[in-house]
Amino acid sequence: VVIEMGGEPLETFKHPERAIYILGSEDTGLPQSIIQAAAYHVSLPSIRYESYNVAMAGSIVLYDRIAKHNRAQQTEGARDGE
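What comes next concerns the included structure. Fair warning: this is a prediction, and the values are worked out from it, not measured in the lab.

What counts as what
As a convention, each chain's residues are numbered from 1 in the sequence order in which they are written. Local features in a predicted model are, by the rule used here, given only for residues with pLDDT of at least 70; side-chain atom pairs are given and counted only at 80 or more, and totals for whole chains, interfaces and linings are based on all residues. The basis for the side-chain values is all heavy atoms of the structure; hydrogens and waters are excluded. The working definition used for a salt bridge is a side-chain nitrogen of Lys or Arg within 4 Å of a carboxyl oxygen of Asp or Glu. In this description a helix means any DSSP run of H or I spanning at least four residues, a strand means any run of E spanning at least two, and both kinds are numbered starting from the N terminus. The rule is short: rings of Phe, Tyr and Trp, with Trp giving its six-membered ring, pair when the centres are within 6.5 Å, and they are stacked under 30 degrees, edge-to-face over 60, tilted in between. Burial classification: accessible surface area is computed with a 1.4 Å probe over protein chains only, and a residue below 20% of its type maximum counts as buried, one above 50% as exposed, and the rest as partly exposed. Strand pairing requires that DSSP identify at least two bridges connecting the strands. Residues count as neighbours in contact if any of their non-hydrogen atoms are within 4.5 Å of one another.

Concerning the pattern of salt bridges
In step 1: Counted under the stated rule, the structure contains one salt bridge.
In step 2: The closest approach of N and O atoms between Asp64 and Lys68, which form a salt bridge, is 3.0 Å. Taken as a pair, Asp64 and Lys68 lie in helix α2 (residues 54–79) at a separation of four residues, close to a single helical turn.

A short note on the packing of aromatic side chains
In step 1: What the rule picks out here adds up to one aromatic pair.
In step 2: With a centroid separation of 5.4 Å and 70 degrees between ring planes, the pair formed by Phe13 and Tyr40 is classed as edge-to-face. Taken as a pair, Phe13 in the loop between β1 (2–9) and β2 (22–23) and Tyr40 in the loop between α1 (32–37) and β3 (41–43) lie far apart in primary sequence, 27 residues in all.
In step 3: Overall, the relative accessible area of 3% leaves Phe13 in the buried class.
In step 4: Judged by its relative accessible area of 37%, Tyr40 falls in the partly exposed class.

Overview of the pairing of β1
In step 1: As paired strands, β1 and β2 are joined by two bridges and run parallel to one another. When the bridges of β2 are listed, Val2 appears paired with Ile22.
In step 2: Where β1 and β3 come together, four bridges link them in parallel fashion. Its bridge partner lying in β3, Val2 is registered against His41.

Considering the environment of Phe13
In step 1: Once the C-alpha coordinates of Phe13 and Ser43 are considered, the two residues, 30 residues apart in sequence, prove to be 9.3 Å apart.
In step 2: Apart from the residues within four sequence positions on either side, Phe13 is in contact with Val1, Glu8, Tyr40, Val42 and Lys68.

A short note on the environment of Ser43
In step 1: Position of Ser43 relative to the elements: it lies in strand β3.
In step 2: The buried category is assigned to Ser43, whose relative accessible area is 14%.
In step 3: Residues Ser43 and Glu8, spaced 35 residues apart in sequence, show a C-alpha to C-alpha distance of 5.8 Å.
In step 4: Beyond its immediate stretch of four places on either side in the chain, Ser43 contacts Glu4, Met5, Gly6, Gly7, Glu8, Pro9 and Leu10.

Without other data, these values stay purely geometric and don't point to any function.
The following block contains the structure:
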């Protein structure tokens, strides 16, 4: 999963069960060849900045992954009567 401007918004992205996340530098991003080779291309929402530093971007993506996973488990538990 590449994290780079111009991809599917993180808000609607469904994280695969297993993934490697590739983040580029704040200044130059990722080479086009890597973006094209990736199975998924995801972009982060931003109001004030064009890009985030790599530590912040990684934190946002991993938080989103965990939050969506936890919501899915809660929904499954509610359907199963837990």
